[in-house]
Amino acid sequence: TDAAGKVFFMDHTTKMTTFIDPRLPLNDLSVPLPSTSQEPPIPPPRPTITHIDSMLCDTVDIPTAYNEKVVAFIRQPNILEILAERYPQLSTDQNLKDKINQIRIDGIPSLDTFGNELELNILLSLFENEIMSYVPVRVRDTRVSPQQSPIMNRANRTVPPFKRDFEAKLRNFYKKLETKGYGQGPGKLKIDVRRDHLLQDAYNKIMSMPKKDLQKCKLSAQFDNEEGLDYGGPSREFFFLISRELFNPYYGLFEYSANDTYTVQISPMSAAFVNNKEDWFRFSGRVLGLALVHQYLLDAFFTRPFYKTLLKLPMSLSDLESVDREFHQSLCWVQERDISGEMLDLTFSVTEEVFGQTVEKELKPGGQRIFVTDKNKKEYIDKIVKWRLERGVTEQTGALVQGFYDVVDPRLVSVFDAQELELVIAGTVEIDLSDWRSNTEYRSGYHDGHQVIRWFWSSIEQFTNEQRLRLLQFVTGTSSIPYEGFSALRGSTSARKFCIEKWGKANSLPRAHTCFNRLDLPPYTTQNLLCEKLLLAIDESNTFGME
């Protein structure tokens, strides 16, 4: 027995131990058995806890006894979905579900009561590695660090505490969309656009469609006067290009946040300089909704409060950090100190510029005459945060949210929090070369050890991240990567890995088939020639060529 009194068994041939009695009749069951590999168990992904993170987390007692580990593991969110992935019989076994829920509520006493139940023991045996390596995490505050650049922000952003929970949630979300007929047809939403009139053509088409058709129709994109059938590639490029234009601050609908020149938010100046602003923001919301429903990523970086706005979630002081870092720091100073003896001269009013003139606005009736004290500072902070995040954009925000919900039911998207919705809509930007290479397929004589393929990956290693993204966009139609990584790249109808096929002569340029995520790579004679031709193809390619 172990230190907790739990009986375990040893295989003297493999020198491995297990808590499952090898005499149990498991061979006749149609469920996968625990691995007998000599490799150590891989723990489920966890967020990295830094010194700063530790100050934001409640103290968590790590369970040491086996029964405590089982209870902690079973108390994860969506545990029934996690268990059913490996043990499908659970979906129809209500008795077993009830026992699991009872253990979640009562803990060890119920686990001891059901300890001799064969089905429960078999189920737990399938998750033995995960149970033994599981460490519970309880995050108290979801504050995020300021966003410095799209690459650093997406590479370093906090991963949801329960990655497996998010992945199950994402699968269920798309399964519900499919069940309810979203994007399934039989009708078609065909978007025929000219490259030099992309925004206007897309606006005219999408805004002319009734909500029901936006939700149910299959989507296809066609660039005028360009050959090709849309098996996914042109549609991906459409969303890539339109997001670059629509959310570009140059057009006046959006502006950069005060922190950087990467993340964008709704611009207050749009009220003065954009005609039909509410229609354009409703169009923006519809584009976001269509990208979400049809699983296309956008080449745009939004502030975290933007995603909260889409979900109609309340704002907090921490949300201000990604929008205006200095203002956030000044309010934190007020919040954390006793300001009774300070001469701050703050009132429940603010000054703002409206059409070139400075005006004073009260945060509450009579606010100009109400001074901020230590007793009322919480109310002051709540009101001024709301003002800072909503100033001049209330109507635009309402129109954008309306357009988003024209396409997707708010009850379906409400399963995500702001951080998760960001991952779903925008994917990730920092490229993991190891993940890319391990999820690449080869055809027509190429393989991972082929000399040309070795030169290819050696060249990619020397590329800047921007060049890698442009190569990815050249081959797949978008520079974004799904949250799950390269294994989840989408092709014409479903997931399709990045593919390199041997094709052409040594003096030819590489060509791409974006519908199939395929790069046709000629058998070059040197690495320098390969690199030169690859970069030339990327630089010169801006239209679709279907062979």
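Every chain is numbered on its own, with residues counted from 1 as its sequence reads. Whole-chain, interface and lining totals are the exception, using all residues; otherwise, since this is a predicted model, local features are given only for residues with pLDDT of at least 70 and side-chain atom pairs are given and counted only at 80 or more. Water and hydrogen atoms play no part in the side-chain values, which are based on all heavy atoms of the structure.

Participant: Mind showing me how you'd approach the packing of aromatic side chains here?
Facilitator: Between two aromatic rings, the relevant description is the distance of the centres plus the angle of the planes. Geometry of aromatic contacts follows a simple scheme: Phe, Tyr and Trp rings, the Trp one being its six-membered ring, pair when their centres are within 6.5 Å, and the pair is stacked under 30 degrees between planes, edge-to-face over 60, tilted otherwise. Evaluation of the coordinates by the stated rule reveals 23 aromatic pairs. Here the aromatic rings of Phe 73 and Phe 127 are separated by 5.8 Å at their centres, their planes lie at 45°, and the arrangement is tilted. Highlighted residues: Phe 73 in helix H2 (residues 66-74) and Phe 127 in the loop between helix H6 (118-125) and helix H7 (128-133), separated in sequence by 54 residues. Judged by centre distance (5.7 Å) and plane angle (85°), the ring pair of Trp 280 and Phe 283 falls under edge-to-face. Here Phe 283 and Trp 280 lie together in helix H14 (residues 277-293), a separation of 3 residues that amounts to about one turn. Strands here mean DSSP runs of E at least two residues long; helices mean DSSP runs of H or I at least four residues long; both are numbered from the N terminus.

Participant: It is not clear to me how the environment of Arg 443 should be interpreted in this structure. Could you clarify?
Facilitator: Inspection of the secondary structure assignment puts Arg 443 in strand E9 (residues 440-443). Measuring from C-alpha to C-alpha, the distance between Arg 443 and Arg 518 comes to 9.8 Å, with 75 residues separating the pair along the chain. Whether two residues touch is decided by their heavy atoms; if any such pair falls within 4.5 Å, the residues are in contact. Among residues more than four places away in sequence, those in contact with Arg 443 are Arg 496, Cys 499, Ile 500, Glu 501, Lys 502 and Arg 518.

Participant: Looking at this structure, I do not really get the packing of helix H15 (residues 304-311) against helix H20 (residues 418-426). What am I missing?
Facilitator: The angle between the axes and the distance between the axes are what describe a pair of packed helices. The contact between H15 and H20 brings their axes to 9 Å, and the two run at 100°. Classified by the interaxial angle, the pair formed by H15 and H20 is roughly perpendicular. Facing H15, whose interface residues are Arg 304, Tyr 307, Lys 308, Leu 310 and Leu 311, H20 presents Ala 418, Gln 419, Leu 421, Glu 422, Ile 425 and Ala 426. For the contact of H15 with H20, the per-class residue count stands at 7 nonpolar, 1 polar and 3 charged. Axis geometry follows a simple rule: fit a line to the C-alpha atoms, using only the stretch in contact for helices, then measure angles between N-to-C directions, giving values from 0 to 180 degrees. We call two directions roughly parallel when the angle between them is under 35 degrees, roughly antiparallel when it is over 145, roughly perpendicular when it lies between 65 and 115, and oblique otherwise. Polar here means any residue outside two lists: the nonpolar Ala, Val, Leu, Ile, Met, Phe, Trp, Tyr, Cys and Pro, and the charged Asp, Glu, Lys and Arg; Gly therefore counts as polar.

Participant: Please explain helix H16 (residues 325-336) as it appears in this structure.
Facilitator: For an α-helix, the turn length of 3.6 residues means that residues three or four places apart are oriented alike. For a helix, the expected span equals 1.5 Å multiplied by the residue count minus one. If you check H16, its first and last C-alpha atoms are 16 Å apart, about what 12 residues at 1.5 Å a residue would give, namely 16 Å. Only protein chains enter the accessibility calculation, which uses a 1.4 Å probe; a residue is then buried when its area is under 20% of its type maximum, exposed when over 50%, and partly exposed in between. When we look at burial in H16, the residues that qualify are His 328, Leu 331, Cys 332 and Val 334. The arc enclosing the buried residues of H16, seen along the axis, measures out at 160°, which places them on a common side. Set apart from the buried face of H16 by more than 90 degrees, the exposed residues are Glu 326 and Glu 336. Against the buried residues of H16 lie helix H17 (377-390). Along the arc lie the directions from the helix axis toward the C-beta atoms.

Participant: I'm lost on the pattern of salt bridges in this one. Help?
Facilitator: Pairing between side chains becomes possible if they bear opposite charge and their charged atoms approach one another. Counted as salt bridges are all cases of a side-chain nitrogen of Lys or Arg within 4 Å of a carboxyl oxygen of Asp or Glu. Within the structure shown, the criterion is met by 18 salt bridges. For Arg 518, the salt bridge goes to Glu 501, with nearest N and O atoms at 3.1 Å. Taken together, the residues span a long stretch of sequence, with Arg 518 in strand E12 (residues 518-521) and Glu 501 in strand E10 (residues 498-502) at a distance of 17 residues. Its relative accessible area of 16% is what places Arg 518 among the buried residues. Between Arg 511 and Asp 520 there is a salt bridge; the shortest N-O distance is 2.6 Å. As far as the burial class goes, Arg 511 and Asp 520 line up, both buried. The network of salt bridges with common partners includes Glu 501, Arg 511, Arg 518 and Asp 520.

Participant: Would you explain the sheet that holds E12 in this entry?
Facilitator: Hydrogen bonds between backbone atoms are what pair the strands of a sheet, whose relative direction is either parallel or antiparallel. A sheet is described by the order of its strands in space; here 4 strands give the open sequence E9-E10-E12-E11, paired in mixed fashion. What marks the edges here is a single partner per strand, and that holds for E9 and strand E11 (511-513). Taken pair by pair, the neighbouring strands of this sheet meet at an average axis angle of 25°, ignoring direction. Alignment of E9 against E10, held across 4 bridges, turns out to be parallel. Residue pairing for E10: Arg 443 is matched across the bridge by Glu 501. Here the rule is simple: two strands pair whenever DSSP picks up at least two bridges between them.

Participant: Hey, could you run me through the nonpolar core in this one?
Facilitator: Generally speaking, a soluble globular protein has its nonpolar side chains buried in company with each other. What we call a nonpolar core is a set of buried Ala, Val, Leu, Ile, Met, Phe, Trp, Tyr and Cys residues that are connected through their side-chain atoms within 4.5 Å. If you look at the biggest cluster of nonpolar residues, it comprises 62 residues, and the most contacted ones within it are Phe 238, Phe 239, Phe 254, Phe 283, Leu 288, Leu 292 and Phe 302. When residues in this core are grouped by element, the largest group, 9 residues, is from H14. Ranked by size, the runner-up nonpolar core spans 30 residues in total, among them Tyr 446, Phe 474, Leu 489 and Leu 521.

Participant: Can you walk me through unusual backbone geometry in this structure?
Facilitator: Most peptide bonds take the trans configuration, and most residues that are not glycine carry a negative phi. Here the amide bond leading from Gly 185 into Pro 186 is cis, since omega sits at 10°, within 30 degrees of zero. Summarising the element assignment, Pro 186 is placed in the loop between helix H9 (163-179) and strand E3 (188-193). With a phi angle near 55°, Ser 444 is a residue other than glycine that sits in the positive phi range. Its location among the elements puts Ser 444 in the loop between E9 and helix H22 (451-462). Its identity is not glycine, yet Asn 517 carries a phi of approximately 55°, on the positive side. By the element assignment, Asn 517 lies in the loop between E11 and E12.

Participant: Just to check I follow, could you spell out the pairing of E12 for this structure?
Facilitator: Regular strands place their side chains on alternate faces of the sheet. Here E12 shows a buried face lined by Arg 518 and Asp 520 and a second buried face lined by Leu 519 and Leu 521. Two strands pair when backbone bridges link them, and E10 and E12 are joined in this way by 4 bridges, in the parallel orientation. Bridging across to E12, Cys 499 finds its partner in Arg 518. As paired elements, E11 and E12 share 3 bridges and run antiparallel to each other. Directly across from Ala 512, in E12, lies its bridge partner Leu 519. With antiparallel pairing between neighbouring strands as the criterion, E11 and E12 make up a hairpin whose turn holds 4 residues, including Asn 517 at a positive phi of roughly 55°.

Participant: Is there a simple way to think about the packing of H16 against H17 in this case?
Facilitator: Two elements in contact, H16 and H17, have axes separated by 10 Å at closest approach and are oriented at 170°. Viewed along their axes, H16 and H17 adopt a mutual orientation that is roughly antiparallel. Of the residues in H17, those in contact with Phe 327, Leu 331, Val 334 and Gln 335 of H16 are Lys 377, Tyr 380, Ile 381, Ile 384, Val 385, Trp 387 and Arg 388. Among the residues forming the contact of H16 with H17, the class breakdown is 8 nonpolar, 1 polar and 2 charged.

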